[in-house]
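# Chain and residue survey
What follows is each chain in one-letter form.
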Amino acid sequence: MEQEELVAIHKNNAGEIISFQTSTGRIISYRKALLEANTGMISGVNIFEGLDGTTSLVSADGSGFEQYPDIY
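Here we summarise the structure given alongside this text. (Residues numbered from 1 in each chain as written. Predicted model: local features only at pLDDT ≥ 70, side-chain atom pairs only at ≥ 80, totals over all residues. Heavy atoms only, no water.)

### Description of the pattern of salt bridges
As a reminder of what qualifies: When a carboxyl oxygen of Asp or Glu lies within 4 Å of a side-chain nitrogen of Lys or Arg, that pair is called a salt bridge. Starting at the N terminus, helices and strands are each numbered in turn, a helix being any DSSP run of H or I of at least four residues and a strand any DSSP run of E of at least two. Buried, partly exposed and exposed residues are distinguished by accessible area as a fraction of the type maximum, computed with a 1.4 Å probe on protein chains only: under 20%, between the cut-offs, and over 50%, respectively.
Tallying each qualifying case throughout the model produces four salt bridges. The partner of K11 in a salt bridge is E66, with the nearest N and O atoms 2.6 Å apart. Taken together, the residues span a long stretch of sequence, with K11 in strand 1 (residues 4-11) and E66 in the segment after strand 6 (55-59) at a distance of 55 residues. Overall, the relative accessible area of 56% leaves E66 in the exposed class.

Now the structure itself:
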């Protein structure tokens, strides 16, 4: 299967990213994006593990996802 990339984001009212759009047009939850990045299905991101054991996605270039367009 070809790797996808994250191309757009959707935030909740608190400003937290809750879903992504992939390069193939799929809309996936943050959690699903994290799982797919972990298995290698999504490229261009890194997984960061915090001191408290929580994991989060970060863009591979370190610039964050703020420059990504909103899905809606």
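After that view, the rundown keeps rolling.
### As for the environment of I42
Cut-off, in case you're wondering: Between two residues, a contact is recorded if the distance between any of their heavy atoms is within 4.5 Å.
By the secondary structure assignment, I42 is in strand 4 (residues 42-43). Those residues in contact with I42, other than ones at most four positions away along the chain, are E4, L6, I28, A33, E36 and A37.

### So, the side chain of E36
Looking at the element boundaries, E36 is found in helix 1 (residues 30-38). E36 gets classed as buried once you look at its relative accessible area, which sits at 4%. Not counting the four nearest positions on each side in its chain, E36 is found in contact with E4, R26, I28, M41 and I42.

### Let's talk about the nonpolar core
Generally speaking, soluble globular proteins have nonpolar side chains that are buried together. We apply this condition: Take the buried residues of types Ala, Val, Leu, Ile, Met, Phe, Trp, Tyr and Cys, join any two whose side-chain atoms come within 4.5 Å, and each joined set is a nonpolar core.
Formed by 13 residues in total, the largest nonpolar core has its most connected members in L6, F20, I42, V45, L57 and F65. At three residues, helix 1 tops the list of elements feeding residues into this core.

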